[in-house]
Amino acid sequence: MKKKSLLALLFGLLAVLLIACSNGGEKASGDKATEKEVIGADEKDATELKYWTFVELHMDFFKDAVPRWNKLHPDKKIKLVAETFPYDQMHNNLLLALQSGKGAPDIADIEVGRFPNFLQGKPQLLPMNEYVEPIKDKFIESRLNLYAKDGKYYGMPTHVGATVMYYNKEIMDKAGVDIDSIKTWDDYIEAGKKVVANTDAVMTTVHTGDATQFQQMISQQGSDLFDKDGKLTIDDEKNVKTLSLLNDMLYKYKIAELTPGGEPHAEEFYAYMNKGKAASISMPLWYMGRFTDYMPDLKGKMVIRPLPAWEPGGGRSVGIGGTGTVVTNQTKHPELAKEFLAFAKLSKEANIKLWSVLGFDPPRWDVWQDPAIKEDNKFYQYFGTDIFDTLLSIKDEIPGLNINKNTPNALTELNTNTLENVLRQKKQTPEEALKQARKTIETNMK
């Protein structure tokens, strides 16, 4: 990468609010101090590999993977020196280390919103094609493509992030609605009218400080904030249509309320939902952990179903968020690091572990029917036993988002101005607000 483009990139990193891992489902380490742990420290004659992450939970995953690797490969044992850093610090330090040619770890996690920064110019990462290509047909391919460039796969995915609809069956039954009869957004609106008429709840809430809901619904229609070539499409006709529907849910059909706290990760919203104030919410599967951790009173009441489609036969999901684990080109043990990463993230057992250890929907869909996936855990106890039946029904309907270095700018504008101005302040129409967002984002892109 040329010095001029590198300086521009680094300036952009410092100047722009970037996507946090709240969009990816994993719990980032935030502003906590660096945490370091040596996994496999007691192993003799083990090769030391360094691993950086920004997610404390991922440490648990590798604590499981390293002993399994060492047991199966006694002649190639490893000792993993794992460090958890605050989100921004880790990504910025990793980028600087790779561009300077020194100081990078062997293996690292990179959040999907930051990944395009590491694909600029010639990636300083090692491609994993020899491990990916033989089993690519067993993966949700859009997850692999998030971390690829020019046919080379650099990042190994951590989850699908398949978006689903979480329904409070107790409320829906009281309203006289058969959840499985909801096929389209029109059906959803009609069901919402029954919920409002027959219960004390609303059908859903609409977020003003989190664009996840908006992104889900535009992606279902084949739209996005940017197209695949990086062209800004935030004011696309389908996007205007989507924001208009969210506005209508609030003020025309009156089946929704504004999300307490503005976004679905707010404590105010957890308390509101836990009291049965809303009958449904659309979020990725990783949001299950929010229910189990923060909304205990809904245990046994919530069920998971596909998103309503915009039209019969239309898409019913989208992949949201993610983390790609990479091998850097500074490793002194490239073959060992790649083989271990493939073992830890691509193998069938590894994908079962993504579910059993982390509670994530595995990107390798062929494990969704494996008996090991069906073993009882807190998620089945909370949501019922048909979680993966729902996933299997939508496995070919999970497109990924178009992520590039300007995506954080677009999300910041949506989260701070666009959604607020339309949905809460009611001072702009959806079309006006999205056109204004386009102008603002274009200015920041210059």
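Note: the structure precedes this text.
The notes below deal with the structure included here. Because the structure is predicted, anything quoted here is derived from the model rather than measured. (Residues numbered from 1 in each chain as written. Predicted model: local features only at pLDDT ≥ 70, side-chain atom pairs only at ≥ 80, totals over all residues. Heavy atoms only, no water.)

## Description of the overall build of the protein chain
Here comes step 1: Looking only at helices and strands, the protein chain has 17 helices and 13 strands in total.
Here comes step 2: For 446 residues, the compact-globule estimate of 2.2 N^0.38 gives 22 Å, and the protein chain sits close to it at 22 Å.
Here comes step 3: Each of the three principal axes of the protein chain carries a C-alpha extent, and together these read 70 × 50 × 40 Å.
Here comes step 4: Counting across all 446 residues of the protein chain, residues that qualify as buried make up 57%.
Here comes step 5: Put simply, of all contacts in the protein chain between residues at least 6 apart along the chain, 77% involve residues at least 24 apart.
Here comes step 6: When the accessible surface of the protein chain is totalled, it reaches about 18,600 Å², and 47% of it is carbon and sulfur.
Here comes step 7: Of the side-chain charges in the protein chain, 57 are positive and 62 negative, and the distance between the mean point of each set is 3 Å. (Helix = DSSP H or I, 4+ residues; strand = E, 2+ residues; numbered from the N terminus. Rg over C-alpha atoms; globule rule 2.2 N^0.38 Å. Buried < 20%, exposed > 50% of the residue type's maximum accessible area, 1.4 Å probe, protein only. Contact = heavy atoms within 4.5 Å. Areas by Shrake-Rupley, 256 points an atom, 1.4 Å probe, with all protein chains shown as cover. Lys, Arg positive; Asp, Glu negative; His and termini not counted. Charge placed at Lys NZ, Arg CZ, Asp CG, Glu CD.)

## Thoughts on the pairing of strand β4 (residues 107-111)
Here comes step 1: Burial analysis of β4 places five of its five residues in the buried class, which makes it a mostly covered element.
Here comes step 2: The two faces of β4 match: I107, D109 and E111 on one face and A108 and I110 on the other face are all buried.
Here comes step 3: Here strand β2 (residues 47-53) pairs with β4 via two bridges, running parallel. Paired with Y51 across the strands is I107, a residue of β4. (Pairing = 2+ DSSP bridges.)

## Overview of the pattern of salt bridges
Here comes step 1: The full count for this structure, using the stated rule, is 25 salt bridges.
Here comes step 2: Where E43 meets K77, a salt bridge forms, and the shortest distance between an N and an O atom there is 3.0 Å. Taken as a pair, E43 in the loop between β1 (35-39) and β2 and K77 in the loop between α2 (56-72) and β3 (78-84) lie far apart in primary sequence, 34 residues in all.
Here comes step 3: You can call E43 partly exposed: its relative accessible area is 27%.
Here comes step 4: On the basis of relative accessible area, K77 is assigned to the partly exposed category, the value being 22%. (Salt bridge = Lys/Arg side-chain N within 4 Å of Asp/Glu carboxyl O.)

## Here we look at the sheet that holds strand β7 (residues 156-157)
Two pairing modes exist for strands in a sheet, parallel and antiparallel, and in both the strands are linked by backbone hydrogen bonds.
Here comes step 1: Read across the sheet, six strands follow the order β1-β3-β2-β4-β13-β7 without closing on themselves; strand pairing throughout is mixed. One side of each edge strand has no neighbouring strand; the edge strands of this open sheet are β1 and β7.
Here comes step 2: Sheet topology places β1 next to β3; five bridges connect them, and they run antiparallel. Considered in β3, the bridge of I39 is made with L80.
Here comes step 3: Sitting on the sheet, α2 touches β1, β2, β3, β4 and β13 (323-327), and the angle it makes with β3 is about 180°.
Here comes step 4: Here helix α12 (residues 334-345) sits on the sheet and contacts β2, β3, β4, β7 and β13; the angle it forms with β13, its principal contact strand, is near 155°. (Axes fitted to C-alpha atoms, helices over the stretch in contact; angles between N-to-C directions.)

## Concerning the pairing of strand β12 (residues 302-305)
Here comes step 1: Residues M302 and I304 of β12 are buried on one face, and the alternating residues V303 and R305, pointing to the opposite face, are buried as well.
Here comes step 2: When strand β8 (residues 163-168) meets β12, the two strands line up antiparallel, connected through four bridges. Bridge pairing links Y166 to I304 in β12.

## Let's talk about the side chain of N247
Here comes step 1: Mapping N247 onto the fold places it in helix α9 (residues 237-251).
Here comes step 2: The class for N247 is buried, based on a relative accessible area of 18%.
Here comes step 3: For N247, the residues in contact, after removing those within four places along its chain, are K252, V422 and L423.

## A closer look at the packing of aromatic side chains
Here comes step 1: This structure, assessed with the given rule, holds 23 aromatic pairs.
Here comes step 2: Between F62 and F340, the aromatic rings sit 6.1 Å apart at their centres with planes inclined by 45°, giving tilted as the arrangement. In this pair, F62 is assigned in helix α2 and F340 in helix α12, connecting sequence segments 278 residues apart.
Here comes step 3: Since its relative accessible area comes to 2%, F62 is described here as buried.
Here comes step 4: Since its relative accessible area comes to 0%, F340 is described here as buried. (Phe/Tyr/Trp six-rings, centres within 6.5 Å; stacked < 30°, edge-to-face > 60°.)

## Considerations on the sheet that holds β12
Here comes step 1: Spatial ordering of the open sheet is given by β11-β8-β12, a layout of three strands whose pairing is antiparallel. Here the strands that pair on one side only, and so sit at the sheet edges, are β11 (280-284) and β12. Mean inter-strand twist for the sheet, computed between neighbouring axes without regard to direction, equals 30°.
Here comes step 2: Here helix α8 (residues 212-219) sits on the sheet and contacts β8 and β11; the angle it forms with β11, its principal contact strand, is near 80°.

## Quick look at the nonpolar core
Here comes step 1: Of all hydrophobic cores here, the largest spans 69 residues; its most connected members are Y166, Y287, F291, F340 and I387.
Here comes step 2: Looking at this core, the element that brings in the most residues is α12, giving seven residues.
Here comes step 3: The contact partners of I387, leaving out residues within four places of it in the chain, are L285, M288, I304, W355, F379 and Y380.
Here comes step 4: Among the nonpolar cores identified, the runner-up in size contains 46 residues, and I189, V195, V240 and V303 belong to it. (Core = buried A, V, L, I, M, F, W, Y, C linked by side-chain atoms within 4.5 Å.)

## Concerning unusual backbone geometry
Here comes step 1: Its identity as a non-glycine residue notwithstanding, D45 has a phi of 60°, on the positive side.
Here comes step 2: Here D45 lies in the loop between β1 and β2.
Here comes step 3: For K426, which is not glycine, the phi torsion reads 55° and is therefore positive.
Here comes step 4: Residue placement: K426 occurs in the loop between α16 (407-424) and α17 (430-445).
Here comes step 5: The class for K426 is exposed, based on a relative accessible area of 54%.

## Some thoughts on helix α7 (residues 185-198)
Here comes step 1: Given a rise of 1.5 Å per residue, 14 residues ought to cover 20 Å, and the 20 Å separating the end C-alpha atoms of α7 matches this to within 8%.
Here comes step 2: For α7, the set of buried residues is W185, Y188, I189, A191, G192 and V195. One side of α7 holds all its buried residues, which, seen down the axis, span an arc of 165°. When the buried face of α7 is taken as reference, the exposed residues oriented beyond 90 degrees from it are D186 and A197.
Here comes step 3: The secondary structure elements touched by the buried residues of α7 are β8, α6 (169-175), β9 (204-206), α8, α9 and β11. (Expected span 1.5 Å × (residues − 1). Arc of directions from axis to C-beta.)

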